[in-house]
Amino acid sequence: MIRILGTVFAGLLGLAFGSFLNVCVSRWPAGESVARPRSHCRSCGRTLAWWENLPLISWLALRGHCRSCKAKIGWRYPLVELAVGGLWASIGWRFFESNFVAGIPAEAFLRGLAAAFGHMFFYWLLVALAALDAEHLWLPDWLTWPGVAVGFVYSIIPIPFGSTFASAHIGNDVHIQAAIASLIGILVAAGLILLIRWIYKLIRHREGIGLGDAKLMALLAAWLGLPGALCAFALGVVLGALAAIAVLAVPSSRKKGEVWALTKLPLGTFLCLGGIISGLWGQQILAGYLRWAGF
């Protein structure tokens with residue numbers, strides 16, 4: 001019962017933080033404060049009533065439209081809230097399964113709690129970056145760099161980080177070993193994007209991948225380790241390719257000749273989705289791949 005109640009509470013808390021994230025995604029690109037003014041319709045400016053701010057429920061009750069001007073409220077709002085709520089509920093389910101058992105030492109419980117908070121921050125950040133890149137092709141440094149720093153700290157302190165690819169602690173100076181392994185992973189992951197960016201520019205004579213994507217890969221490596229970041233990259237590339245095929249399948253895009261080749265796809269969004277999948281099931285994916293490859 002405690003596990004179920006704890007999971008429900010984590011999910012509801014995630015919905016609330018997802019609702020706040022929607023405010024941030026709407027206001028950050030315009031340089032507006034996320035605190036003032038109060039939540040309002042972006043079209044007519046009317047201040048929303050309290051019941052119009054309920055995560056997910058308000059969007060459903062209003063059928064995705066403003067009560068006054070009938071302006072459309074995009075699908076991003078419920079999707080972001082559902083994403084954060086679902087991810088945090090998953091974290092809560094795993095936390096209460098592993099840490100609410102008889103006889104668990106206090107130190108182990110605190111480490112598990114720290115890992116749960118780390119997961120919550122990591123996934124909230126990925127959902128934020130995914131939404132910002134999808135709408136504005138923007139991965140702000142003041143989100144990616146702190147994300148790298150916090151992930152690096154988590155990679156060198158001795159806490160269990162769930163299903164992520166934590167670097168192995170080898171030798172006596174475990175913190176030094178972990179810090180070196182984490183730094184190498186961060187540099188290699190960012191270097192992969194920079195190499196692809198350089199090759200693309202060499203061939204096409206124009207920019208194809210932004211520097212924000214390299215910083216995002218560094219963030220993924222800081223939290224997931226290099227194998228997890230590479231898994232996220234592979235998943236992101238596959239998802240991006242599927243999205244590109246879907247764009248090409250639209251008849252109107254084919255009629256525009258070579259204009260489709262200049263269409264910009266938010267690689268960062270796909271990398272974030274790959275990072276979420278890698279964080280949740282990366283070890284199982286890698287293990288399955290190794291079995292399939294005969295290793």
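Residues numbered from 1 in each chain as written. Predicted model: local features only at pLDDT ≥ 70, side-chain atom pairs only at ≥ 80, totals over all residues. Heavy atoms only, no water.

The name given to the protein chain in an unreviewed UniProt entry is Type 4 prepilin-like proteins leader peptide-processing enzyme, with the source organism recorded as Candidatus Sulfuritelmatomonas gaucii. The UniProt entry for the protein chain carries this comment under Subcellular location (unreviewed entry): "Cell membrane". (UniProt positions renumbered as here; feature names shortened; annotations may be inferred.)

### A closer look at the environment of serine 26
Along the chain, serine 26 turns up in helix α1 (residues 2-27). Separated by 248 residues in the primary sequence, serine 26 and glycine 274 place their C-alpha atoms 24 Å from one another. When sequence neighbours within four positions are dropped, the list of residues in contact with serine 26 reads Arg42, Arg76 and Tyr77. A polar contact of 3.0 Å, which involves the side chain of serine 26, links it to the backbone oxygen of asparagine 22. Only 3.1 Å separates the side chain of serine 26 from the side chain of arginine 76, close enough to count as a polar contact. (Helix = DSSP H or I, 4+ residues; strand = E, 2+ residues; numbered from the N terminus. Contact = heavy atoms within 4.5 Å. Polar contact = N/O pair within 3.5 Å; in protein donor to acceptor, adjacent residues only side chain to side chain.)

### Section: the environment of glutamate 52
Within the fold, glutamate 52 resides in the loop between α1 and α2 (57-61). By relative accessible area, which is 8% here, glutamate 52 ends up buried. In this structure the C-alpha to C-alpha distance between glutamate 52 and phenylalanine 122, which are 70 residues apart in sequence, comes to 28 Å. Excluding its chain neighbours within four sequence positions, the residues that come into contact with glutamate 52 are Arg46, Ser58, Leu62 and Arg67. Here the side chain of glutamate 52 touches arginine 67 through a polar contact of 3.3 Å, side chain to side chain. (Buried < 20%, exposed > 50% of the residue type's maximum accessible area, 1.4 Å probe, protein only.)

### Topic: the pattern of salt bridges
For the structure shown, the criterion picks out 9 salt bridges. Between glutamate 32 and arginine 42 there is a salt bridge; the shortest N-O distance is 3.1 Å. Of the two residues, glutamate 32 is situated in the loop between α1 and α2 and arginine 42 in the loop between α1 and α2; the sequence distance between them amounts to 10 residues. Given the relative accessible area of 33%, glutamate 32 is considered partly exposed. When salt bridges that share partners are traced, they join Arg46, Glu52 and Arg67 into one network. (Salt bridge = Lys/Arg side-chain N within 4 Å of Asp/Glu carboxyl O.)

### Notes on the packing of helix α6 (residues 174-204) against helix α7 (residues 211-249)
It is at 7 Å that the axes of α6 and α7 come closest, and there the two elements cross at 125°. Put simply, α6 runs oblique to α7. As α6 packs across α7, the resulting crossing turns out to be right-handed. The segment α6 lies against α7, with Ser182, Gly185, Ile186, Val188, Ala189, Ala190, Leu192, Ile193, Leu194, Ile196 and Arg197 engaging Leu211, Asp213, Ala214, Met217, Ala218, Ala221, Ala222, Leu226, Ala229, Leu230 and Phe233. The residue makeup of the contact of α6 with α7, split by class, is 18 nonpolar, 2 polar and 2 charged. (Axes fitted to C-alpha atoms, helices over the stretch in contact; angles between N-to-C directions. Parallel < 35°, antiparallel > 145°, perpendicular 65-115°, else oblique. Left-handed = near helix turned anticlockwise from the far one by under 90°. Nonpolar A, V, L, I, M, F, W, Y, C, P; charged D, E, K, R; others polar.)

### Section: the UniProt feature "domain: Prepilin peptidase A24 N-terminal" (unreviewed entry) in the protein chain
Within this structure's numbering, the places UniProt gives as "domain: Prepilin peptidase A24 N-terminal" (unreviewed entry) are residues 12-95. Taken end to end, residues 12-95 has its terminal C-alpha atoms 16 Å apart, with 49% of it in helix and 0% in strand.

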